[in-house]
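# Structural features, examined
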Amino acid sequence: MNLKDLFSKKKSDPHCSVVIVAAGSGERMGADKVFLDLAGVPVLARTLKPFQDSECVDEIVIVTRTEKLSEVSDLCSSNGFTKVSKVVSGGATRTESALAGVSEVGPKTKLIAIHDAARPFITKELISSLVSCADQFMAAVPAVRCADTIRIVDDEGVITGDTDRNYAVQIQTPQIFDADIIKGALSYAVTHERSLTDDSSAAKMMGVKVHTVSGDPDNIKLTVPDDLIKGAAILKSRGES
Ligand code: C5P
């Protein structure tokens, strides 16, 4: 391979900003989960570290509840999270919080990654495979295969629909998108009061083809108290407790 070919093969380096959504109330956990202590380290600090350390990430914007703005800023300075450019207030829904974050990224941003603060087991490896995929296809999300049979039920719990398990996946975060696409999609979703549980639903609603990469079964979202037991086991398996 000559030098010209080598340069044309150089991996592109899109400016990637990360929005961490941390403005939930933690109702199902019974506490604000992002400040819970996981083996001596707050959940939010664990979540931020792989993004701070990733060479694919240029900037981090954190979205939190208004009363937590200064606590979050203090956590960032005391842990040396120098990529955090802004800490801003979120909204009443996750989609509003995501929109508040994507509206604050810097002007050089080409890709925006949106990540649940409540997923502290994200790895640098998963971040970089998602950035490569989003750089190529404009929209990339991590997905893991379903082990159980998946059925649709009605309000009474009666099964009303089937899914083919071979094509069913569970979607995680971070979800990474072309910056203009996700800004437009989230604005549309908020303006039209669409109730969405993730950001790829907003992109898909606008006709964007969302690609999946292999997610990580350990990249769980801390939702209910039992998840803390799973979290402790993950830390132990990584030799971090
Ligand atoms: O409620 P759920 O578990 O889906 O929340 C996922 C993430 O979205 C959490 O990190 C939570 O802090 C965040 N969130 C938010 N603003 C809301 C609701 C949830 O930033 N209004």
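The model shown is predicted, which means the values in this text are computed figures rather than measured ones.

The rules behind each value
- Residues numbered from 1 in each chain as written.
- Predicted model: local features only at pLDDT ≥ 70, side-chain atom pairs only at ≥ 80, totals over all residues.
- Heavy atoms only, no water.
- Helix = DSSP H or I, 4+ residues; strand = E, 2+ residues; numbered from the N terminus.
- Rg over C-alpha atoms; globule rule 2.2 N^0.38 Å.
- Buried < 20%, exposed > 50% of the residue type's maximum accessible area, 1.4 Å probe, protein only.
- Contact = heavy atoms within 4.5 Å.
- Areas by Shrake-Rupley, 256 points an atom, 1.4 Å probe, with all protein chains shown as cover.
- Near = heavy atom within 4 Å.
- Polar contact = N/O pair within 3.5 Å; in protein donor to acceptor, adjacent residues only side chain to side chain.
- Nonpolar A, V, L, I, M, F, W, Y, C, P; charged D, E, K, R; others polar.
- Expected span 1.5 Å × (residues − 1).
- Arc of directions from axis to C-beta.
- pLDDT = per-residue confidence, 0-100.
- Core = buried A, V, L, I, M, F, W, Y, C linked by side-chain atoms within 4.5 Å.
- Pairing = 2+ DSSP bridges.
- Axes fitted to C-alpha atoms, helices over the stretch in contact; angles between N-to-C directions.
- Parallel < 35°, antiparallel > 145°, perpendicular 65-115°, else oblique.
- Left-handed = near helix turned anticlockwise from the far one by under 90°.

This part covers the overall build of the protein chain. Check the secondary structure of the protein chain and you find 8 helices and 12 strands. Relative to the globule expectation of 18 Å for 241 residues, the C-alpha radius of gyration of the protein chain, 18 Å, shows essentially globular dimensions. The buried share of the protein chain, reckoned over its 241 residues, is 45%. Contacts spanning at least 24 positions in sequence make up 74% of the contacts within the protein chain whose residues lie at least 6 apart. Of the roughly 12800 Å² that the protein chain leaves accessible, carbon and sulfur atoms contribute 51%.

In this section: the site of the ligand. Around the ligand sit 15 residues in total, of which V21, A23, G24, G91 and S97 are the nearest. Measuring from a nitrogen atom of the ligand, one finds a backbone N or O atom of T93 at 3.3 Å. Coverage of the ligand by the protein chains reaches 85% of its 460 Å² of free accessible surface. Where the shell around the ligand is concerned, the elements lending two or more residues are β1 (16-22) and α4 (94-102). Of the residues belonging to the shell around the ligand, the class tally is 6 nonpolar, 4 polar and 5 charged.

Time to look at helix α6 (residues 179-191). When the terminal C-alpha atoms of α6 are compared, their 18 Å separation across 13 residues agrees well with the 18 Å that a helix rising 1.5 Å per residue should span. When α6 is considered as a whole, its buried residues turn out to be A179, I182, A185, L186 and A189. Seen from one end, α6 has its buried residues packed into an arc of 140 degrees, which puts them on one side. Exposed residues on α6 whose side chains face more than 90 degrees from its buried face are D180 and T191. The positive-phi residue at the C-terminal boundary of α6 is E193, with phi of around 50 degrees.

On to the confidence of the model for the protein chain, then. Mean pLDDT for the protein chain: 94, with 95% of residues reaching 70 or above. In the predicted structure, residues 3-10 sits below a pLDDT of 50 and forms 2 contacts with residues beyond four places in sequence or in another chain.

On to the nonpolar core. Counting 31 residues, the largest nonpolar core has I20, L44, L48, F51, I60 and I62 as its most contacted members. Those elements giving two or more residues to this core turn out to be β1, α2 (43-53), β4 (59-64), α3 (69-79), β6 (111-116) and α5 (124-137). Looking at which element gives the most residues to this core, the answer is α5, with 6 residues. Filtering out sequence-adjacent residues up to four positions away, L44 remains in contact with I20, V34, V72, L75 and A117. V19, V61, V63 and I112 belong to the second largest nonpolar core, which has 23 residues in total.

Turning our eyes to something else, we now look at the pairing of β1. With respect to burial, β1 is a largely interior element, 7 of its 7 residues being buried. Burial along β1 is two-sided: C16, V18, I20 and A22 facing one way and S17, V19 and V21 facing the other are all buried. Pairing between β1 and β6: 6 bridges, direction parallel. When the bridges of β6 are listed, C16 appears paired with L111. Strand direction decides the pairing type here: β1 and β4, joined by 6 bridges, are parallel. Bridge pairing in β4 places V18 opposite I60.

At a minimum axis separation of 11 Å, α2 and α3 run at an interaxial angle of 55 degrees. On the basis of the axis angle, α2 is oblique to α3. Crossing angle aside, the handedness with which α2 passes α3 is right-handed. Touching L44, A45 and L48 of α2 are V72, L75, C76 and N79, all from α3. Split by residue class, the contact of α2 with α3 holds 6 nonpolar, 1 polar and no charged.

Considering the arrangement of structural elements, one finds N219 in the loop between β12 (211-214) and α8 (226-237). On the basis of relative accessible area, N219 is assigned to the buried category, the value being 0%. The residues touching N219, leaving out its near neighbours within four places in the chain, are H115, R119, F121, I122, L126, Q172 and T173.

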